[in-house]
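Inside the fold
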Amino acid sequence: MSSITRRSALALGLSAGTAALLGACSTPGTNSVNSVATIPAAQPGEKITLTYWAWLKDLQKVCDVWNAQHPLIQVEAVWTPGGNSGGYQKMYSALAAGGGPDLAQVELRSIPEFMLVNGLVDVSRYGAKQYAERYDPTLWNQVSYLDGVYGIPQDAGPMALYYRQDLFQKIGATPPTSWQDWATIAAELRKAGSYIDCFALADSSWFAALATQAGASWLKAEHDGWTINMTDRATLEVAEFFDRAIDKDLVTTNYGQYSAPWFAAAANGQIASLSSASWGDALLQGVSGASGKWRVAALPRWTGKGFGSSYVGGSTAAVFAHSKHPQEALEFAVWMTTSREGIDAMIANSGIGWSPSKDYIGAQRQQPSAFFGGQDYNQQIFLPATKQQNPDWSWWPLTQQSFEILSDGFRKKASGTSLVSSVKLAEQNIIEAFKNKGLSIRKVTS
Amino acid sequence: MSSRKTASRQLTAAPWLLLAPFLALFVLTFVLPILVAIGSSFTKVTRNGLFGEQGVQTDFAWFSNYAQALANGNFLASIGRMLLFGVVQVTLMIALCTLLALLLESASARWPGFFRAVYFLPYGIPGVIATILWSFLYVPGLSPLVDLGKVFGLQLDFLGAGSVLWSIANIVTWTYTGYNMMIIVAQLKSIPTEVYEAAKVDGASPWRVARSIQLPLIRPALVLTTVFSIIGTLQLFVEPQVLKSVAPTIDSEYTPNLSAYATAFAYNDYNVAAAQAVLIALVAFLLSFIFLRLTNRKSR
């Protein structure tokens, strides 16, 4: 009779354990909550508590306004680190473990990534479409996929040009209306010792925003799969434009907007302007000695094409897959982002970007600003900007990876690789990444 | 008879009982994660529809995740970069910490306790903070070093494509030299005084003492610190991750660990990330093994 030696027993145990693990290793989030029956609203008189994970500061104070009016539906805010700085990792892990909050802050561009792990509730099944009218149509378009609605827009970032009035006056310039003008002024500013802006090689979302403005629309969800077109004329012309701007030293690539060296340069008058989103106003106030010097103008336009403005950033309140009360979570999200008291509370406590509501920008934003030399910049510049955006742009499930791929290409600009060739290469790599994820994608040519 | 048998059984059960808390934690936090990672590296997810809404399958994928990890030029480049980094940085650091330890333990050293503490101090600063501190010395426009260089007509570029790796090496060396020095000092202190006395009687110079007595006797400490440093090199993560925000040339997959991190958390591809992690562990194992083999052979 053969006896089992200790070693073979151990090997047997190990392999059995591995096999069991492999079997149990089915990827989390493989079953969609959107294919099962909807969860009915809470019983009348039943008291429920919703949790809301977000990186907005003092969000609890906003929730408290709602809580005071709705004793039966209490909302509890839990602070998480910002999206890619750890917040998303935490959310993905919670979703994978079958838990998570009722609501969470998810950037517009990350909605499809959360859909890919079946993490979001299609709130159109709970009647979200009836609220569409209240929102900025561009934003609503960016939360709508496959005839469903996967998040409630919470804030946005329409773009404009912030500039130093004194530095522009010194060279006798007025804010540029076209990117051509911008390049001319940039050359003048260089002679006076300032840069007109920086070009962050490590963050391609700014480039994407300006390509969007020029009319690009990189990826689209079609019925037979994703289509990609990153090498359209608009994108390549924007890439060529900034290739020239970097080669002629019109912009600096040493740092990105709002980084520590940028703040140092801005305080020294070495940065004369920046094209940025509406939420940049709060960050600009961190530049020492900046008060009263800065003004806001419309974003320069691409000659003969594109739109008046663009957008960077923006987030949503998304209902998470394991929420037990999606109906109430939706109601709260809509209240917070469209009611006057909700928007005002978010601006006052959380300092959100632009209001997602079509009709109300917030009481605080309807008055002149002392920081911008008494300019009523929100109504003058940003409100029109929200109406001049590219409505066709939509996000895709590999946004973060795509931006990393593009940035990794841009970083090689320092060693002589042009932005144009990086964009072309990035398109191929993104197609590859989609295929590795098991998603179908095809290239379209314009 | 039966009572004696149970007593002996209790005797053999006792160590297991005492070990149980440790073993439970060991299995839960060490063995299981490794098995899960290995298991995960052999599975692949396929999706139907635009977002996988028409079904998601998880299948056994043989080595396709490994193939994908190895086909990723960035990942391979990062391993090559770390090998280069290791050869230069580990050698420099071990030489430096040995020198410091010998100087501090030499008979003519002044205030050895004070200087030990000073050299060890950088290790007490978390990597993130250390990198932020150093980044202020690296970034043009903020750095007094760059300004000073300009005075002497030098164009210092700490964050350029060719130099940033050595700027990271500098931070790592700064942080860990004192720590490794302590290990070597501990071994130096264990050398019996009789040996020194004998050398003194024979008229050996301090240089001769260092070469013929101290260096051979601290071999185990040198081997230990070198192996730790080799493994540490492959795990490099914090310094490039933090420095990335000011150094555009550091990409998202600059080191092997950064690559696995980006794959897992930015790209949400845990299976390929698991394959990368297994590969990193294998390389670390291989390098340590080769190094130990070489040093063992020499000593025979």
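What counts and what doesn't
Residues numbered from 1 in each chain as written. Chains lettered and ligands numbered in written order. Predicted model: local features only at pLDDT ≥ 70, side-chain atom pairs only at ≥ 80, totals over all residues. Heavy atoms only, no water. Helix = DSSP H or I, 4+ residues; strand = E, 2+ residues; numbered from the N terminus. Rg over C-alpha atoms; globule rule 2.2 N^0.38 Å. Buried < 20%, exposed > 50% of the residue type's maximum accessible area, 1.4 Å probe, protein only. Contact = heavy atoms within 4.5 Å. Areas by Shrake-Rupley, 256 points an atom, 1.4 Å probe, with all protein chains shown as cover. Lys, Arg positive; Asp, Glu negative; His and termini not counted. Charge placed at Lys NZ, Arg CZ, Asp CG, Glu CD. Pairing = 2+ DSSP bridges. Axes fitted to C-alpha atoms, helices over the stretch in contact; angles between N-to-C directions. UniProt positions renumbered as here; feature names shortened; annotations may be inferred. Parallel < 35°, antiparallel > 145°, perpendicular 65-115°, else oblique. Nonpolar A, V, L, I, M, F, W, Y, C, P; charged D, E, K, R; others polar. Phe/Tyr/Trp six-rings, centres within 6.5 Å; stacked < 30°, edge-to-face > 60°. Lys NZ or Arg CZ within 6 Å of the ring centre and 35° of its normal. Core = buried A, V, L, I, M, F, W, Y, C linked by side-chain atoms within 4.5 Å. Domains from an automatic or database assignment.

What follows covers the overall build of chain B. When helices and strands are counted, chain B shows 13 helices and two strands. Its C-alpha atoms give chain B a radius of gyration of 25 Å, clearly above 19 Å, the size a compact globule of 300 residues would have. Burial statistics for chain B: of 300 residues in total, 39% are counted as buried. Considering only residue pairs separated by 6 or more positions, chain B has 65% of its internal contacts joining residues 24 or more positions apart. Accessible area of chain B: about 16,800 Å², with a carbon and sulfur share of 71%. Within chain B, the 12 negative side-chain charges are centred at a point lying 14 Å from the centre of the 19 positive side-chain charges.

A few words now on the sheet that holds strand S3 (residues 103–107) of chain A. One key point about sheets: their strands pair by backbone hydrogen bonds, in either a parallel or an antiparallel sense. All names here are of chain A. Pairing is mixed across the open sheet formed by five strands, whose spatial order is S2-S1-S3-S12-S6. Each of the sheet's edge strands pairs with one partner strand only, and the pair in question is strand S2 (73–79) and strand S6 (152–155). When the angles between neighbouring strand axes are averaged without regard to direction, this sheet yields 30 degrees. Note that S6 and strand S12 (residues 315–319) share three bridges and pair antiparallel. For Ile 152, the partnering residue across the bridge sits in S12 and is Ala 317. The strands that helix H2 (residues 59–69) touches are strand S1 (48–54) and S2; relative to S2, the one it contacts most, it runs at about 180 degrees.

Take the UniProt feature "transmembrane region" (unreviewed entry) in chain B next. The feature "transmembrane region" (unreviewed entry), as annotated in UniProt, sits at residues 12–38, 82–105, 117–138, 158–179, 217–238 and 273–294 of chain B in this numbering. Spanning residues 158–179 of chain B, this segment combines 73% helix with 0% strand, and its end C-alpha atoms are found 25 Å apart.

Quick look at the packing of helix H12 (residues 326–338) of chain A against helix H13 (residues 340–350) of chain A now. All names here are of chain A. Remark: H12 packs on H13, axes separated minimally by 5 Å, with the N-to-C direction vectors making an angle of 70 degrees. When the axis of H12 is compared with that of H13, the two are roughly perpendicular. Residues Trp 335, Met 336, Thr 337 and Thr 338 of H12 form the contact with H13, whose participating residues are Arg 340, Glu 341, Gly 342, Ile 343 and Met 346. Per-class residue counts for the contact of H12 with H13 are four nonpolar, three polar and two charged.

Attention now moves to the environment of Asp281(A). All names here are of chain A. Along the chain, the position of Asp 281 falls in helix H11 (residues 280–284). In this structure, the C-alpha to C-alpha distance between Asp 281 and Ser 339, residues 58 residues apart in sequence, is 23 Å. If near-sequence neighbours (up to four positions away) are discounted, Asp 281 is found in contact with Tyr 162, Phe 372 and Tyr 377.

Before going further, it helps to spend a moment on the packing of aromatic side chains. Two numbers describe a pair of aromatic rings. These are the distance of the centres and the angle of the planes. In the structure shown here, the tally under the stated rule is 61 aromatic pairs over all chains. Judged by centre distance (4.5 Å) and plane angle (55 degrees), the rings of Phe372(A) and Tyr377(A) are tilted. Across the pair, exposure class does not vary: Phe372(A) and Tyr377(A) are buried alike. Its guanidinium or amino end placed over the ring of Trp53(A), Lys90(A) lies 4.7 Å from that ring's centre, counting from NZ or CZ. Cation over ring: Arg81(B) sits above Tyr254(B), and NZ or CZ is 4.2 Å from the ring centre.

It is worth spelling out the sheet that holds strand S10 (residues 273–277) of chain A at this point. Residue and element names in this part refer to chain A. Across the sheet, three strands lie side by side as S10-S7-S11; this open sheet has antiparallel pairing. Each of the sheet's edge strands pairs with one partner strand only, and the pair in question is S10 and strand S11 (294–297). Between one strand axis and the next, the sheet turns through 30 degrees on average, direction left out of account. Strand direction decides the pairing type here: strand S7 (residues 159–164) and S11, joined by four bridges, are antiparallel. Within S11, the position partnered with Leu 161 by the bridge is Ala 297.

This paragraph deals with the nonpolar core. Grouped together as the largest cluster of nonpolar side chains are 146 residues, with contacts concentrated most on Trp182(A), Phe199(A), Trp218(A), Phe242(A) and Trp262(A). Here this core spans two domains, and each of domain 2 (44–156 + 312–376) and domain 3 (160–310 + 392–443) of chain A adds at least three residues to it. The contacts of Trp182(A), once residues within four sequence positions are left out, are Leu161(A), Pro176(A), Ile196(A), Asp197(A), Phe241(A), Phe242(A), Ala245(A), Val251(A) and Pro300(A). Listed in part, the 32 residues of the second largest apolar core include Phe42(B), Phe75(B), Val272(B) and Leu279(B).

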